[in-house]
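A structural walkthrough
Okay, here's what each chain looks like letter by letter:
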Amino acid sequence: MIFATGLVLVAAALHATWNLLLKTSPDADRDLTSWGLYLVGGLLVVPVSVALGGPGLAAVPWLALSGLVHVAYIVGLVSAYEHGDFSLAYPLARGGGALAAALGGALLLGDHLPAPAWASIAVVALALGSLMGPGVSLWSVRGALLTAAAIGTYTVIDAHGARVSVDPLAYGLTTTATAAVGVSLVFLARRRHRALVAAWPQHRLRWLVAGACLATAYTLVVVAVRHAPVGYVAVLRESSVVLGALVGWRFLHESLGGRRLVSSLVILAGMLGLVASTL
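Let me sum up the structure you'll find in this document. (Residues numbered from 1 in each chain as written. Predicted model: local features only at pLDDT ≥ 70, side-chain atom pairs only at ≥ 80, totals over all residues. Heavy atoms only, no water.)

Scanning all chains against the criterion turns up six aromatic pairs. Measuring from centroid to centroid gives 6.2 Å for Trp-18 and Tyr-38, while their planes differ by 80°, and the two rings are edge-to-face. With Trp-18 in helix H1 (residues 2-23) and Tyr-38 in helix H2 (residues 30-51), the pair connects residues that are 20 residues apart, well separated along the chain. For the ring pair Trp-200 and Trp-207, a centre distance of 6.0 Å and an interplane angle of 50° mean the geometry is tilted. Cation over ring: Arg-142 sits above Trp-139, and NZ or CZ is 5.2 Å from the ring centre. (Phe/Tyr/Trp six-rings, centres within 6.5 Å; stacked < 30°, edge-to-face > 60°. Helix = DSSP H or I, 4+ residues; strand = E, 2+ residues; numbered from the N terminus. Lys NZ or Arg CZ within 6 Å of the ring centre and 35° of its normal.)

For the structure shown, the criterion picks out five salt bridges. The partner of Asp-27 in a salt bridge is Arg-30, with the nearest N and O atoms 2.8 Å apart. What makes Asp-27 exposed here is its relative accessible area of 55%. One salt bridge in this structure joins Arg-260 and Asp-85, with 3.0 Å as the shortest N-O distance. Taken together, the residues Arg-260 in helix H11 (residues 257-278) and Asp-85 in the loop between helix H3 (60-83) and helix H4 (86-108) connect sequence positions 175 residues apart. A relative accessible area of 2% places Arg-260 in the buried class. By relative accessible area, Asp-85 is classed as partly exposed at 26%. Each member of the salt-bridge network shares a partner with another, and the members are Asp-31, Arg-190 and Arg-192. (Salt bridge = Lys/Arg side-chain N within 4 Å of Asp/Glu carboxyl O. Buried < 20%, exposed > 50% of the residue type's maximum accessible area, 1.4 Å probe, protein only.)

This is how it looks when you write it as structure tokens:
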């Protein structure tokens, strides 16, 4: 259990890190950064997935669908970071995504949620609302909510995809690659490939580090669930919302960061209650 705890905490830190690198990239290049980091992450996971034998043909439609949903995910995330604080956008997207995934599992996958679980969902929803404050950009909120909806959607898709996959670990790794394909198709359709090549010399270190964090974070989570209950890993992974609020407050000096840190702690507590009530 200690080993799994360490893996998930590192994964949460890595996830917050690549999001911070995306948030702090120059405004004009933030969308290119989103593409660059997914390309790097996708290229890193492909050899490992191939070595594992791949996810199997039955998983291909779900991987393709997940890749398409990731396009909405990255569009929403970039918009949220362009117009608002990190301490708002990151916890709202991550916490909202976990909430959407729980609701999607109950409505679409037949997951049973007892009354205490619904009470926990209400706590998380109220805490998400408390992230707002004076001067909050509606564009940032919309982008974060789009991201949250995408997280909930691809989580449900990937939960089913992993169940029909030959190897769930290979499936989990391959989702990063298919997301990279989906994002790339959009940027290629926008004829942004020359801009990507031109920006590479200046931003390659940011893209490489962020892409490595992206690929490694999910891999660590997948390994962790082999050493600890899934519910425990799922909740501990959401500690990243607390890290996001803390970084926004102390590192980016966002004025409402301290209050949002408290809200993020309540979100984490609500998620803990949700998982505990379903065990």
